[in-house]
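Chain by chain, the residues run as shown.
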Amino acid sequence: MPVVLRSALLIPLVSLHVALCSSPSVTVPFTLDHNRMLIQAEFLTPSGSWLPVRLWVDSGNPELLLASRCAADIGTPIPADSTSIPVSTPAGLRIGGMTLNLSGVSARAMNEPRWLFSTMHIDANLPSTVLARYDVVFDYPARTLTIAAPGSLPLRGIPLPIA
């Protein structure tokens, strides 16, 4: 019982520490695969360690989709005979040292379609519901993605009225 209690206490403490030490912005490189932006990230596992993952930046989908092998690695195995099932959202997501807020984001672990994860060699997507919480810069010439706390990036350009 004491081991379970220690594990149960560890994850909230690790999450609190990470949230307090997280940077307000981060710029990371991306690669393009069939015009899809892919980045390196990490999910927090139940043991408190960080699992390296490759994410598809998916600005058109509000749901976090996890490959079945990734879901199993972060503590939510999916039965082999299931196409997809709703799962708990990972306890944490970190990109370039910055912890992102996943609260309220729905998650689904998927066995099918296999091509979704195998073709691009990805573990999950970074959904629009997460991106919408931050200032985001897609710099295609430099092949970088910047994610920043809302209002923390200087705005460039001239505002235009919307008719």
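Trainee: Please explain the sheet that holds strand 1 (residues 25-29) as it appears in this structure.
Mentor: Strands belonging to one sheet form pairs held by backbone hydrogen bonds; the direction of such a pair is parallel or antiparallel. Taken in spatial order, the three strands line up as 1-12-11 in an open sheet, and their pairing is antiparallel. A single partner strand is all that each edge strand has here, and the edge strands are strand 1 and strand 11 (135-139). Geometrically, the sheet is characterised by an average inter-axis angle of 10° between neighbouring strands, direction not taken into account. Across five bridges, the pairing between strand 11 and strand 12 (residues 144-148) is antiparallel. Its bridge partner lying in strand 12, phenylalanine 138 is registered against leucine 145.

Trainee: Can you help me understand the side chain of asparagine 61 in this one?
Mentor: Mapped onto the elements, asparagine 61 comes out in the loop between strand 4 (50-58) and strand 5 (64-67). One polar contact links the side chain of asparagine 61 to the main-chain amide nitrogen of glutamate 63, over a distance of 3.0 Å. Discounting chain neighbours no more than four positions away, the residues touching asparagine 61 are Asn125, Pro127, Ser128 and Thr129.

Conventions adopted
Residues numbered from 1 in each chain as written. Predicted model: local features only at pLDDT ≥ 70, side-chain atom pairs only at ≥ 80, totals over all residues. Heavy atoms only, no water. Pairing = 2+ DSSP bridges. Helix = DSSP H or I, 4+ residues; strand = E, 2+ residues; numbered from the N terminus. Axes fitted to C-alpha atoms, helices over the stretch in contact; angles between N-to-C directions. Polar contact = N/O pair within 3.5 Å; in protein donor to acceptor, adjacent residues only side chain to side chain. Contact = heavy atoms within 4.5 Å.

Everything listed here is a matter of geometry and, on its own, says nothing about what the molecule does.
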